[in-house]
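# Understanding the architecture of this molecule
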Amino acid sequence: PQGPRVILAGREVLLLCSNDYLGLAADARVREAAAEAALRWGAGAGASRLISGNMQPHRELETRLAAFKGYERALLFGSGYLANMGTIAALAGPGEIVFSDELNHASIIDGCRLAQAETAVYRHNDVEHLESLLRAAAGTPALIVTDGVFSMDGDVAPLAELLELARRHGARLMVDEAHATGAVGPGGRGSVSAAVLSGEVDVVVGTLGKALGSYGAYACASAETVEYLVNRARSFIFSTAPPPPAVGAARAALGVLEAEPERVELLAANARVLREGLA
């Protein structure tokens, strides 16, 4: 099972490459919630949400996630990859442009490729370079996309500056919180919350498969934007809904995080210990 120590080829080793930041994947409460959801709702959702796969657990988790992130609505996707691909392609079309940080995750890069919009890559966290690209594209509808916490470098995007640029140039801002949720911000609410921008950033995407120990993903936005994604995000429309056990597990993990925010503080303390030890 996932945990600080695992058995690899018959030998116990420290596991430092997992995204199970808060140790919730093997938490007894999370596992029991997954089992209970399977017994009550079944092993699978059977179809896409727009056909017959829309079930009560999906709605309940979306309501909880939206409240946790400070948005009107949330929409579940099958995975973080599907969330980014579907959301970017839905929000950026022909005659528009997507501005993407050069160190963004592969799912964001592929979402840009699938969108029928032009893509402009700006240097990592370089606000001045992004502004020059925005000025050059003046008058073109634009979407700025960035990771909140970058998965390989561990640094945080300058979200306040990015949002200010977006507002000044009439662009929208989308932030991927996959590695930020459960790891940074008040109560683990992520980098957008840490920047005191909850509800202001246009779209926040995140995953249930990292700090929340389950599987699946979500997009948080205004009610109008989420309704648009329901009808335009192809990775949502044409994918089977997340299975009830994963949804039940994610909801339980979210409850643990809300009840035990000290887990986030312990994570930061452990990271400091590791960095000091390596140095």
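### Describing the overall build of the chain
A count of helical and extended segments in the chain gives 12 helices and nine strands. A compact globule built from 279 residues would reach a C-alpha radius of gyration of about 19 Å, and the chain, at 19 Å, matches this within 12%. Counting only C-alpha atoms, the chain reaches 55 × 55 × 35 Å along its principal axes. Among the 279 residues that make up the chain, the fraction classed as buried is 51%. Split by element, the accessible area of the chain, about 13100 Å² in all, is 54% carbon and sulfur. Here the chain contributes 24 positively and 32 negatively charged side chains, and the mean placements of these two sets differ by 5 Å.

### Some remarks on unusual backbone geometry
Excluding glycine, residues mostly carry a negative phi; peptide bonds, for their part, are mostly trans. Despite not being glycine, N125 shows a phi value in the positive range, around 55°. Its location among the elements puts N125 in the loop between strand 5 (118-122) and helix 6 (127-136).

### Here's the deal with the layout of surface pockets
Considered as a void within the structure, the largest pocket measures approximately 1300 Å³ in volume. Along the wall of the largest pocket there are 34 residues; nearest its centre are L16, S18, Y21, L267 and A271. Considering every element that reaches the lining of the largest pocket, the biggest residue donor is helix 12 (residues 262-278), with 10 residues. Residues of the lining of the largest pocket, tallied by class, amount to 19 nonpolar, nine polar and six charged. If you add up the space inside the second largest pocket, you get close to 330 Å³. Contributing to the lining of the second largest pocket are 17 residues, with A89, A90, Q116, R232 and R234 lying nearest its centre. With five residues, helix 4 (residues 80-91) is the largest single contributor of residues to the lining of the second largest pocket.

Scoring rules and cut-offs
Residues numbered from 1 in each chain as written. Predicted model: local features only at pLDDT ≥ 70, side-chain atom pairs only at ≥ 80, totals over all residues. Heavy atoms only, no water. Helix = DSSP H or I, 4+ residues; strand = E, 2+ residues; numbered from the N terminus. Rg over C-alpha atoms; globule rule 2.2 N^0.38 Å. Buried < 20%, exposed > 50% of the residue type's maximum accessible area, 1.4 Å probe, protein only. Areas by Shrake-Rupley, 256 points an atom, 1.4 Å probe, with all protein chains shown as cover. Lys, Arg positive; Asp, Glu negative; His and termini not counted. Charge placed at Lys NZ, Arg CZ, Asp CG, Glu CD. 1 Å grid on protein atoms, 1.4 Å probe; cavity = no way out; pocket = protein on both sides within 12 Å on 5 of 7 lines; lining within 4 Å. Points joined across faces, edges and corners; volume = space filled by probe spheres on them. Nonpolar A, V, L, I, M, F, W, Y, C, P; charged D, E, K, R; others polar.

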